[in-house]
Amino acid sequence: MNIETSALQANEGATPTSTELIPPTQPSTLHKIFIGKDGLRAGWSLLIFIAMLAAIVSSINVIGHKMHVSGPKPGAEISPRVGLFAEGIPFLVVLLVTWIMSKLERRPASVYGFGDKRKLPHFFAGLAWGIACISLLVLTLVKTGLLAIDSRMLFGGDILRYGAIWLFGFLLVGLFEEYLTRGYVQYTLTRGLAGLYRWAFKTRHSQALGFWTSAVIFSILFGLGHNSNPGESPIGMLAAGLVAVVFCFSLWRTGSLWWAIGFHAAWDWGQSFVYGVADSGLMVQHHLLATHPVGKPILSGGTTGPEGSIFIIAILALIALIIHFTLPHARDVQTT
């Protein structure tokens, strides 16, 4: 009898230890309520995120009120200083709360939309397509007599100075709005809905169903959120909701927000600074051109700006085609 056989027989006849006799501990009911297979359940995650965000924003508003800090008056053009603070501070708040949630959930913060090996190419491609598409829309309105260019407002070094300031300002707009509506909340609701679809339908498409269901929900909310903007119109709100869906398409294809951030920043910069048209009824100071709409608002956009024109529907369809043909799916890139 060799040593291995002796050891095997000894193990077979050995008395089980106390730890082997104790059955595995079952999770408590409270644990099951809060924790799922992939960590903290999505519903609780969203509630914690929203609660922290609301608490910090409320505190900032109280501080601002005590310091007599006020926003732009109705109908007034937004100054660079107000624009930078109005977008920069909320973005930092969203960034902070998202980072806290990543620590609570033990996930890398990059999974919420900023992780991308090709972030710079995607960002600059978004910038290029953004300025190209808004230019096409403005050119269409000008050539059809629906938008008149009155004069040039800036000259010399002021063009570069204010152009750079507003480009940075609208980069903050893109970062804030994309990260708020298509960052953590999009990822987390997708996670929750995907688990629900997987449990209910046992389908391998649960991730896609969860993503696009959450995309539709947040896109509707994004469109409705524009109702508070001065000069907004039903077409403008519809356009905001549809562009949110289009931006979700770029997120689905690339796995990140960088293309949408670049496009969003360039689109708003082109509208507000370069062409001097209203952006959801909002105007900025120190823009390059002075323009005014002509004709029926449903065609020209009226006080809403080009986004309030019915022509925006065709431009949004074009943007979706651009994403389809220029942004291969992230999984396709990884397999090539």
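The structure contained in this document is the topic of the report that follows. Please read these numbers as outputs of a predicted model, since none were measured by experiment.

## Comments concerning helix α8 (residues 184-201)
Turn by turn, an α-helix covers 3.6 residues, leaving residues three or four places apart pointing in a common direction. Counted at 1.5 Å a residue, the expected span for α8 with its 18 residues is 26 Å, and the 25 Å between its end C-alpha atoms agrees. Listed as buried for α8 are Tyr184, Val185, Gln186, Thr188, Leu189, Thr190, Arg191, Leu193, Ala194 and Tyr197. Looking at the buried positions of α8, the neighbouring elements they touch are β2 (39-40), α4 (42-66), α5 (80-105), α7 (157-182), α9 (206-225) and α10 (234-254). Trailing α8 by a residue or two, lysine 202 shows a phi angle of about 50°, which is positive.

## Remarks on the pattern of salt bridges
The full count for this structure, using the stated rule, is five salt bridges. Between glutamate 105 and arginine 107 there is a salt bridge; the shortest N-O distance is 2.8 Å. Given a relative accessible area of 8%, glutamate 105 falls into the buried group. Looking at arginine 107, the relative accessible area reads 15%, which means it is buried. Of the charged contacts in the structure, one is a salt bridge between arginine 182 and glutamate 178, with a shortest N-O distance of 2.7 Å. Linking arginine 182 with glutamate 178, this pair stays in helix α7, spanning four residues, or about one helical turn. Residues arginine 182 and glutamate 178 agree in their burial class; the two are buried. Salt bridges here are not isolated pairs; linked through shared partners, they connect Asp38, Glu105, Arg107 and Arg191.

## Brief notes about the side chain of glutamine 271
Following the sequence through the fold, glutamine 271 ends up in helix α11 (residues 258-274). Side chain to side chain, glutamine 271 and glutamate 307 meet in a polar contact 3.1 Å long. Those residues in contact with glutamine 271 that sit more than four places away from it in its chain are Ile134, Gly276, Val277, Ala278, Asp279, Pro306 and Glu307.

Scoring rules and cut-offs
- Residues numbered from 1 in each chain as written.
- Predicted model: local features only at pLDDT ≥ 70, side-chain atom pairs only at ≥ 80, totals over all residues.
- Heavy atoms only, no water.
- Helix = DSSP H or I, 4+ residues; strand = E, 2+ residues; numbered from the N terminus.
- Expected span 1.5 Å × (residues − 1).
- Buried < 20%, exposed > 50% of the residue type's maximum accessible area, 1.4 Å probe, protein only.
- Contact = heavy atoms within 4.5 Å.
- Salt bridge = Lys/Arg side-chain N within 4 Å of Asp/Glu carboxyl O.
- Polar contact = N/O pair within 3.5 Å; in protein donor to acceptor, adjacent residues only side chain to side chain.

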